[in-house]
Structures are given as structure tokens and as C-alpha cells.
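# Structure at a glance
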Amino acid sequence: MEEENISFESAMEELELIAKTLEKGDLNLDESVKQFEKGIKLSKKCNEILESAEKKISILIQDGEDLKEEEFTHVSEL
């Protein structure tokens, strides 16, 4: 599947399949590394999609009679 135009949901499904395949341990080293690399690329793509969506999210705050738009600020809870 083309990683450039993949949807978030499809990328996540593919990542799950890769993880299950790697967990089984049936692949040789070369194929395991290829799958791992593919998983890393998909993971980065998912992160890009999430970051893009986060930038698009806005919160409308009522300011008296006027509505003003503010950018969404994500607070990480790590």
C-alpha cells in the first residue's frame, strides 16, 4: 500500500498486522527488518496525519456577543 496517500485507519490496520507478524517470529531476519522499517514509516505517517488534524482543530470561545476562534492547544499527559 502506498504510504503517501494512506488513510490513518488503513495505516493503523497495517501497523497492527505488521506487529502481529513480527510477534509470531516466523520471518527471517531480512524480512523482519523490512517489516520493521515499513512499520516505522507507517508510524511516522500516522503521526503526521494526527499533527495535521490537530492543527486544523479550533475551539470557538464565546467572547461577549462575538465569537472568536482560537487554535487548539494540545496538553500532553505524560
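Let us look at the structure shown here. All of these numbers come straight from a predicted model, not from anything done at the bench.

### Focus on the environment of Met12
Mapping Met12 onto the fold places it in helix H1 (residues 8-24). Remark: the alpha-carbon pair of Met12 and Lys45, spanning 33 residues in sequence, is separated by 9.8 Å.

### Regarding the pattern of salt bridges
Here the structure, examined in full by the defined rule, presents 2 salt bridges. We note a salt bridge from Lys38 to Glu14, for which the minimum N-O separation is 2.8 Å. Placement of the pair is Lys38 in helix H2 (residues 29-56) and Glu14 in helix H1, with a sequence separation of 24 residues. With its nearest N and O atoms 4.0 Å apart, the salt bridge here joins Glu48 to Lys45. Of the two residues, Glu48 and Lys45 are both situated in helix H2; the distance of 3 residues between them amounts to about one turn of the helix.

### Quick notes on the packing of H1 against H2
In contact at an axis separation of 9 Å, H1 and H2 are set at 150 degrees when each is read in the N-to-C sense. By the criterion of interaxial angle, the relationship of H1 to H2 is roughly antiparallel. The element H1 and its partner H2 pack so that their crossing is left-handed. Facing H1, whose interface residues are Phe8, Ala11, Met12, Glu14, Leu15, Ile18 and Leu22, H2 presents Ser32, Gln35, Phe36, Lys38, Gly39, Leu42, Ser43, Cys46, Ile49 and Leu50. Here the contact of H1 with H2 is built from residues that sort into 11 nonpolar, 4 polar and 2 charged.

### Concerning H1
With 17 residues, H1 extends 25 Å between its outermost C-alpha atoms, agreeing within 8% with the 24 Å of an ideal straight helix rising 1.5 Å per residue. All of the buried residues along H1 are Ala11, Glu14 and Ile18. Along the long axis of H1, the arc covered by the buried residues comes to 65 degrees, so they all point the same way. Among the exposed residues of H1, those oriented more than 90 degrees off its buried face are Glu9, Glu13, Leu17, Lys20, Glu23 and Lys24. Looking at the residues trailing H1, positive phi occurs at Gly25, about 75 degrees.

### Description of H2
If you check H2, its first and last C-alpha atoms are 41 Å apart, about what 28 residues at 1.5 Å a residue would give, namely 40 Å. Every buried residue of H2 is listed here: Gln35, Gly39, Leu42, Lys45 and Cys46. In the core, the buried residues of H2 are packed alongside H1. Taking the backbone nitrogen of Asp30 as reference, a side-chain oxygen 3.2 Å away marks Asn28 as the first, capping residue of H2.

Conventions adopted
- Residues numbered from 1 in each chain as written.
- Predicted model: local features only at pLDDT ≥ 70, side-chain atom pairs only at ≥ 80, totals over all residues.
- Heavy atoms only, no water.
- Helix = DSSP H or I, 4+ residues; strand = E, 2+ residues; numbered from the N terminus.
- Salt bridge = Lys/Arg side-chain N within 4 Å of Asp/Glu carboxyl O.
- Axes fitted to C-alpha atoms, helices over the stretch in contact; angles between N-to-C directions.
- Parallel < 35°, antiparallel > 145°, perpendicular 65-115°, else oblique.
- Left-handed = near helix turned anticlockwise from the far one by under 90°.
- Contact = heavy atoms within 4.5 Å.
- Nonpolar A, V, L, I, M, F, W, Y, C, P; charged D, E, K, R; others polar.
- Expected span 1.5 Å × (residues − 1).
- Buried < 20%, exposed > 50% of the residue type's maximum accessible area, 1.4 Å probe, protein only.
- Arc of directions from axis to C-beta.
- Polar contact = N/O pair within 3.5 Å; in protein donor to acceptor, adjacent residues only side chain to side chain.

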